[in-house]
Amino acid sequence: MSEQQIKITLAQLNPTVGDVTGNAAKARAAREKAKADGADLVVLSELFIAGYPPEDLVLKPAFQSACRAAIEELARETRDGGPAVLIGTPWVEDGKLYNACALLDGGSIAALRFKANLPNYGVFDEKRLFARGPASGPVTVRGVRIGVPICEDIWLEESEDYENVVECLAETGAEILIVPNGSPYARDKADLRLSIVVARVTESGLPLVYLNEMGGQDELIFDGASFALNADLTVAAQLPAFEESITTLTWRKTADGWRCNGPITPQLEGDKADYAACVLGLRDYVRKNGFPGVLLGVSGGIDSALCAAIAVDALGADKVRGVMLPFRYTAQVSLDDAAKLAAALGIRYEILPIADAVNGFETILAPVFKGLERDITEENLQARARGTLLMAISNKTGAMVVTTGNKSEMSVGYATLYGDMNGGFNPIKDIYKTEVFRLSSLRNAWKPDGALGPSGEVIPVNIIIRPPTAELRENQTDQDSLPPYDVLDAILERLVEREEPLATIIEAGFDRDVVTRIDRLLNIAEYKRRQAAPGVKVTRKNFGRDRRYPITNRFRDFGKALPAPDETLVTRTSRASAEAFEG
């Protein structure tokens, strides 16, 4: 490093949880690139060597030892005089497990920093895994004092448990803040991240580098989108979203501190970002779990059409297989549209009529059902026959079944357990039906960079404009059982994402009977959702990691106005509790 500059390489990479050897190889390759760029330091994301989030895997002593051994080997390799490495790792110290960052330089572990503020909300569960680290001072790299707050160390608001790590770093002489993150994607998350970083830069007066993980891990998507701000809040650099990037930034010392003018990549927003997240999530789930490809039931409907397009964009047409499973209620237009979709996407496509299977089930069940009226049971036999056939093909070929239910259906239970819910992963599980329509139209006009599918119209327009139907009985449409999707989704967004009381939703202008019915369906479908395949998270609150309701649950909100809290009682109770504690 010359006297007035330091080169920092941001390695925005896609680790795999548990693949310690593979993750170390990625770190090694990033360091070689940084070395070629003349960098002084290469930075990798939170818990990079383990993959993030490792969940309870990180409690396994053998895994802890494997991570430590990999870090020690990487440290020894830095004796070559190349760039230092700042890398996230689990670390056991004095019998306690920490979420740590290790600075590797000169052939040794030059410094360790432990995460102080452990998130315990939404998708995060770190308080049960890690011990809290102390707020520590900066580490020194080539004479520059670098502050290393780890992810939540810059996120938490002031509270009783909050450790102001950034304030401590500023007071102990940090010159640049570098924040390794494992920050999952959610709609509009970029604005939130920027506001958090602006607050930390403003209060510390220091430039800040926000280095985020990229890739899919089960339901979570890490979009990367790493960036840096100068101390005057100008954007110093912006890395791309939804793709790996190794970028070297040159920081120069000025009279006002350190500054950088690096590359700025335009970011995807809104529906485009959601679509890219769905593609990345399916791609990494399939590849990281070793499936040779995927198959899905292609019904001629919009949900399976969008999933097929996502699958081709993620994996390529040669790894996607579509199966049409018609019965007597399947309209010719559905057969036509499904064939057009398969041709447009270039996927393998076949038709397997299910009449023999359904009729066989009905014959077997006839003595048991004698004297009982036909009802939804017989409809569900169709879905379960389809699910069985898809799973059989999966067993035989090794290809994973993609399940195609949207968030509206998952919410109200408009899906058949062990039927159309069969599958290994669902790319649109967190996408409401109205958003399915939008994303389908969007994909016909645009595709993300790196997508492996064809450009242009890949979802026949008739699939988008045709009234949705499960085709389980004659002339059926979804709206026979559900309110219009624009109404349904607006209610569900208030119930699921916002957790609004029914009275508030009704006061907003929604029909009381419709709201109470949808709330009832949401509650009684919990047992189905517990058995649903995992799927990409794109909203603030998905079914799974974010929203964990009990299946057995007798509470119901009947839409009555809530009584005002008795502040006198609250105050009196609080005082009594305090007195009891002091006594």
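Everything below is about the structure printed above this text.
To keep things clear, this report deals only with the structure shown in the data block. In this text, all values refer to a predicted model and were calculated from it rather than measured experimentally. (Residues numbered from 1 in each chain as written. Predicted model: local features only at pLDDT ≥ 70, side-chain atom pairs only at ≥ 80, totals over all residues. Heavy atoms only, no water.)

**Brief notes about the packing of aromatic side chains**
Scanning all chains against the criterion turns up seven aromatic pairs. On the numbers, 6.0 Å between centres and 70° between planes, the contact of Tyr52 with Phe222 is edge-to-face. Linking Tyr52 in the loop between strand S2 (41-43) and helix H2 (61-77) with Phe222 in strand S11 (residues 220-223), this pair joins segments that are 170 residues apart in sequence. You can call Tyr52 buried: its relative accessible area is 3%. (Phe/Tyr/Trp six-rings, centres within 6.5 Å; stacked < 30°, edge-to-face > 60°. Helix = DSSP H or I, 4+ residues; strand = E, 2+ residues; numbered from the N terminus. Buried < 20%, exposed > 50% of the residue type's maximum accessible area, 1.4 Å probe, protein only.)

**Things to note about the nonpolar core**
Within the largest apolar cluster, 52 residues are counted, with the highest numbers of intra-cluster contacts made by Phe242, Tyr275, Leu282 and Ile459. Of all the secondary structure elements, the ones that give two or more residues to this core are helix H5 (270-288), strand S16 (294-297), helix H6 (302-315), strand S17 (320-324), helix H7 (332-345), helix H11 (433-445) and helix H12 (461-465). Tallying contributions element by element places H6 first for this core, with 11 residues. For Tyr275, the contacting residues outside a window of four places in its chain are Leu306, Ala309, Ile310, Asp313, Leu439, Leu442, Arg443, Trp446 and Pro448. If you look at the next biggest cluster of nonpolar residues, it comprises 29 residues, including Ala84, Val148, Val209 and Leu239. (Core = buried A, V, L, I, M, F, W, Y, C linked by side-chain atoms within 4.5 Å. Contact = heavy atoms within 4.5 Å.)

**Considerations on the side chain of Asp430**
Mapping Asp430 onto the fold places it in the loop between helix H10 (407-412) and H11. A polar atom in the side chain of Asp430 sits 2.8 Å from the side chain of Lys407. Within polar-contact distance, the side chain of Asp430 engages the backbone nitrogen of Thr539 at 2.7 Å. If near-sequence neighbours (up to four positions away) are discounted, Asp430 is found in contact with Arg187, Lys407, Glu435, Val536, Lys537, Val538, Thr539, Lys541 and Asn542. (Polar contact = N/O pair within 3.5 Å; in protein donor to acceptor, adjacent residues only side chain to side chain.)

**Describing the pairing of strand S1 (residues 5-12)**
Here S1 lies mainly inside the structure; six of its eight residues are buried. Bridge count between S1 and strand S14 (residues 245-254): eight bridges; the pairing is antiparallel. Along S14, the bridge assignment pairs Gln5 with Arg252. In the sheet, S1 pairs with S2 via three bridges, with the strands oriented parallel. Looking across to S2, one finds that Thr9 is bridged to Val42. Taking the sense of rotation as the criterion, the β-α-β connection linking S1, helix H1 (residues 20-36) and S2 turns out right-handed. (Pairing = 2+ DSSP bridges. Right-handed = clockwise from strand over helix to strand, strands pointing away.)

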